[in-house]
Amino acid sequence: MSVRRLADESVQPASFAFNREMAAQAQTWIKKYPKGREQSAVIPLLMLAQEQEGWVTRAAIEHVSEMLDMPRIRVLEVATFYTQFQLKPVGTRAHVQVCGTTPCMLRGSEALMDVCRSKIHHDQFHTNADGTLSWEEVECLGACVNAPMIMIFKDTYEDLTPERLAEIIDAFEAGKGDTIKPGPQVDRVYSAPETGLTSLTDEKVFLKSARPKAAKANGEEKKTV
Ligand code: FES
């Protein structure tokens, strides 16, 4: 695991405060824990800070430590340990997380990363010239059956080809990311087989109303599920 440090002071904002919506969510999280154990909310509070700013700033870490009455070093330890926390500025319109773990790798994630390299920046964790886009390779995001896939913000985009990823990146760059439907980018429902159902194709097996009525007319009361 590489050493994770806070971003250079030259890019750190002077201060941080949760906006009204995030502050309310932060209080909801804090109240979930027993009195005296409020520090357990450190991860959700850092996630909220990241959701608001796009990345976790030094000022946000200090703010969270004050909110939770927690030593700054403890909050810093959490923020630098979990790779889910971005410690440097990311693209303001999209930070593309490309899964590079084995199932996605076997299904073409390297070609997806090539798209990111050509459309965003050659190196991960760098923004494009306008600062609107960035990308990184991540470990399994739990949608292996729909490999290869990416995540942007909290949404996943699955069953990708390089061409489809290029379209998705273009949409986010144009500020039209909400026009792209998350989930499978092919004609399948969630993780159902691409070629249609392969099991439970006979409704009679699981649907009482689909069974022939003849058996009942004959007085053969059969056990049904
Ligand atoms: S290996 Fe890519 S989502 Fe699991």
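Residues numbered from 1 in each chain as written. Predicted model: local features only at pLDDT ≥ 70, side-chain atom pairs only at ≥ 80, totals over all residues. Heavy atoms only, no water.

The chain has the name NADH-quinone oxidoreductase subunit NuoE in an unreviewed UniProt entry, where Pseudaminobacter soli is given as its organism. In the Sequence similarities (unreviewed entry) part of its UniProt record, the chain is described as follows: "Belongs to the complex I 24 kDa subunit family." Entered under Catalytic activity (unreviewed entry) in the UniProt record, the comment concerning the chain runs "a quinone + NADH + 5 H(+)(in) = a quinol + NAD(+) + 4 H(+)(out)". (UniProt positions renumbered as here; feature names shortened; annotations may be inferred.)

Participant: Quick question: what am I supposed to make of the pattern of salt bridges here?
Facilitator: Two side chains carrying opposite charge are able to pair once their charged atoms lie near each other. Throughout the structure, instances matching the rule amount to 15 salt bridges. Ionic pairing is found between Glu-110 and Arg-117, a salt bridge with its closest N-O pair at 3.2 Å. Residue Glu-110 is classed as partly exposed on the basis of its relative accessible area of 42%. Among the ionic pairs, Arg-164 bridges to Glu-167, the shortest N-O distance being 2.7 Å. Separated by three residues within a single helix, Arg-164 and Glu-167 lie in helix α7 (residues 162-173), roughly one turn from each other. A single network of salt bridges, built from pairs that share partners, joins Glu-9, Arg-58, Glu-62, Glu-66 and Arg-72. (Salt bridge = Lys/Arg side-chain N within 4 Å of Asp/Glu carboxyl O. Buried < 20%, exposed > 50% of the residue type's maximum accessible area, 1.4 Å probe, protein only. Helix = DSSP H or I, 4+ residues; strand = E, 2+ residues; numbered from the N terminus.)

Participant: What is the right way to look at the packing of aromatic side chains in this model?
Facilitator: We describe a pair of aromatic rings using the distance from one ring centre to the other and the angle between the two ring planes. Scanning the model with the defined rule gives four aromatic pairs in all. Judged by centre distance (5.0 Å) and plane angle (80°), the ring pair of Phe-16 and Phe-18 falls under edge-to-face. Of the two residues examined, Phe-16 and Phe-18, each falls in the buried class. Each ring, one from Phe-81 and one from Tyr-82, has its centre 4.9 Å from the other, and the planes form 90°; the classification is edge-to-face. Every member of this aromatic cluster is reached through a ring pair, and the members are Phe-153, Tyr-157 and Phe-172. (Phe/Tyr/Trp six-rings, centres within 6.5 Å; stacked < 30°, edge-to-face > 60°.)

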